[in-house]
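The chain contents come next:
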Amino acid sequence: MMRNALSLGRIFGIEIELDYSWFIIFILVAWSLAVGYFPQGYPGWPAGLYWGVGLVTSLLFFGSVLAHELAHSLMARRHGTPVRSIRLFIFGGVSQITEEPKSARDEFRFTIAGPLTSLALGLVFGGIWWAMRGRDHPLAALAQWLSFVNFMLAGFNLIPGFPLDGGRLFRSLVWAITKDLRRATQLAAAIGRAVAFLFILAGVMLIFRGLWINGLWLAFIGWFLENAAAQSWRQFTLQELLQGHKVREVLTSDWPQVPPELSLQELVEEHVLTSLRRCLPVISEGRLLGVVTVHKLREVPRERWATTRVAEVMIPLEQVKTIAPEAELLAALQLMTQEDINQLPVVTDESLVGMLARDKILAFIQTRAELGI
Ligand SMILES: [Zn+2]
């Protein structure tokens, strides 16, 4: 699981994560509905009812965003692109689709599924509201707002700024025409950044006209879009450089290994200070038992180093992330970034093949980029 997020479990095998920032939106939506929007449109209800309807509406808003993302993810998976998780955060959701789509047609299909779902939900809630129009009923109030919000969700996502859905649709069209994913991505990301700057510009203009809350909000969305576009282009080039490369090509096989009965004093003098490695695998009879780290070492007072064994402070194998030599290098790098670690033991059948170091992957990327490979 990623940091700053709460796991809500799995739906159709896809992990759903809730970023903590999402709670702010949840409260904000419920509050603004309960004290502003509903009392204005439907006066005379008891305060508790406004809050009740506000909270239910906010939950259904969350459900609407989730439905949009699930539509992307399920469609992607149906066409053979694995989806790891869906993350819901302050601006909505992001499907963590781990690979680039296989064809322009696939990308078009799984992208359009999201806005189409939002449009459909907008129509359903709109239909409920229309059927109950003129009636002073909580369901009418709830349906009215959710209809509007789902149409907004579809509209916002169709802005042609990569990596928003609109930008992805644009990329898939350029890709279909030029047959060149790299050029299509480059163009879509450039347009994404241009759209982002327009948002920032519009925001600044509003601020100068005294509408500083709306202005700040627009500028903030622009800043977010700019980051997202730049980030997706970096991600794309990284993926392109690492495509098809396996962990075994970059692993270090002469990394120092230590036996569990070694004292910490010997560990420091004979291994840590000479190799300058901060994480060492603990091996006994050819099997990997765990790892010992400098971080763990520092938890033991220095006067006890001579009498403490490695086995007492090592992190046991069950708690250590490992990777297979045949795994994709990109997957390894993603795992390291996610777990915030700099090395991974490379393992087959509980025996250590070598260690994979992040700095070596970065050197691999840099060298290939410099040589233009
Ligand atoms: Zn979407």
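Note that this is a predicted model, so its numbers are computed, not measured.

**A closer look at the domain arrangement of the chain**
- Under the domain assignment, the chain is made up of domain 1 (5-158), domain 2 (182-243) and domain 3 (247-370).
- Spacing between the C-alpha centres of domain 2 and domain 3 amounts to 39 Å.
- Contact residues are listed per partner, giving four residues for domain 2 and six residues for domain 3.
- When grouped by side-chain class, the residues that make up the side of domain 2 that touches domain 3 number three nonpolar, one polar and no charged.

**Quick notes on the environment of Ile27**
- Among the secondary structure elements, Ile27 is positioned in helix H1 (residues 21-41).
- The spatial distance from the C-alpha of Ile27 to the C-alpha of Ser58 is 8.0 Å, given a sequence separation of 31 residues.

**Some words on H1**
- Given a rise of 1.5 Å per residue, 21 residues ought to cover 30 Å, and the 29 Å separating the end C-alpha atoms of H1 matches this to within 8%.
- Along its length, H1 reaches its greatest deviation from straightness, about 45 degrees, at Leu33.
- Those residues of H1 that sit buried are Trp22, Val29, Ala30, Leu33, Ala34 and Phe38.

**Some remarks on the nonpolar core**
- With 33 residues, the main nonpolar core has Leu33, Phe38, Leu142, Trp145 and Leu146 as its most contacted residues.
- Counting residues per element, the ones that place at least two in this core are strand E2 (14-19), H1, helix H2 (47-78), strand E3 (83-89), helix H3 (104-131) and helix H4 (138-157).
- For Leu33, the contacting residues outside a window of four places in its chain are Phe38, Gly54, Thr57, Ser58 and Trp145.
- Core analysis: the second largest hydrophobic core is formed by 17 residues, Phe170, Val174, Ala184 and Val195 among them.

**A word on unusual backbone geometry**
- A cis amide bond links Phe162 with the next residue in sequence, Pro163, at an omega value of 5 degrees.
- In this fold, Pro163 is placed in the loop between H4 and helix H5 (165-178).
- Positive phi is not limited to glycine here, since Phe12 has a value of about 50 degrees.
- Mapped onto the elements of the fold, Phe12 is located in the loop between strand E1 (5-11) and E2.

**Description of the sheet that holds strand E7 (residues 315-316)**
- The sheet built from three strands is open, its strands ordered E5-E6-E7 with antiparallel pairing. In the strand order of this sheet, the two ends are held by strand E5 (279-284) and E7, each with one partner.
- In this structure, E5 lies alongside strand E6 (residues 287-293), joined through six bridges in antiparallel fashion. Across the sheet, residue Leu280 finds its bridge partner in E6, namely Val292.

**A word on the packing of H2 against H4**
- Their axes nearest at 10 Å, the elements H2 and H4 cross at an angle of 30 degrees. Here H2 and H4 pass one another in a crossing that is right-handed. Each of Leu49, Val53, Val56, Thr57, Leu60, Phe61, Ser64, Val65 and His68 in H2 lies in contact with H4, whose residues at this interface are Pro138, Ala141, Leu142, Trp145, Leu146, Val149, Asn150 and Leu153.
- Taken together, the residues of the contact of H2 with H4 break down into 13 nonpolar, four polar and no charged.

**Details of the environment of Phe224**
- With respect to the helices and strands, Phe224 occurs in helix H7 (residues 212-242).
- Note on Phe224: 14 C-beta atoms within 10 Å, which makes it partly exposed.

What counts and what doesn't
Residues numbered from 1 in each chain as written. Predicted model: local features only at pLDDT ≥ 70, side-chain atom pairs only at ≥ 80, totals over all residues. Domains from an automatic or database assignment. Contact = placed C-beta atoms within 7 Å. Nonpolar A, V, L, I, M, F, W, Y, C, P; charged D, E, K, R; others polar. Helix = DSSP H or I, 4+ residues; strand = E, 2+ residues; numbered from the N terminus. Expected span 1.5 Å × (residues − 1). Bend = angle between axes of the 7 residues up to and from the residue. Buried ≥ 20, exposed ≤ 12 C-beta atoms within 10 Å, placed from the backbone. Core = buried A, V, L, I, M, F, W, Y, C linked by C-beta atoms within 7 Å. Pairing = 2+ DSSP bridges. Axes fitted to C-alpha atoms, helices over the stretch in contact; angles between N-to-C directions. Left-handed = near helix turned anticlockwise from the far one by under 90°.

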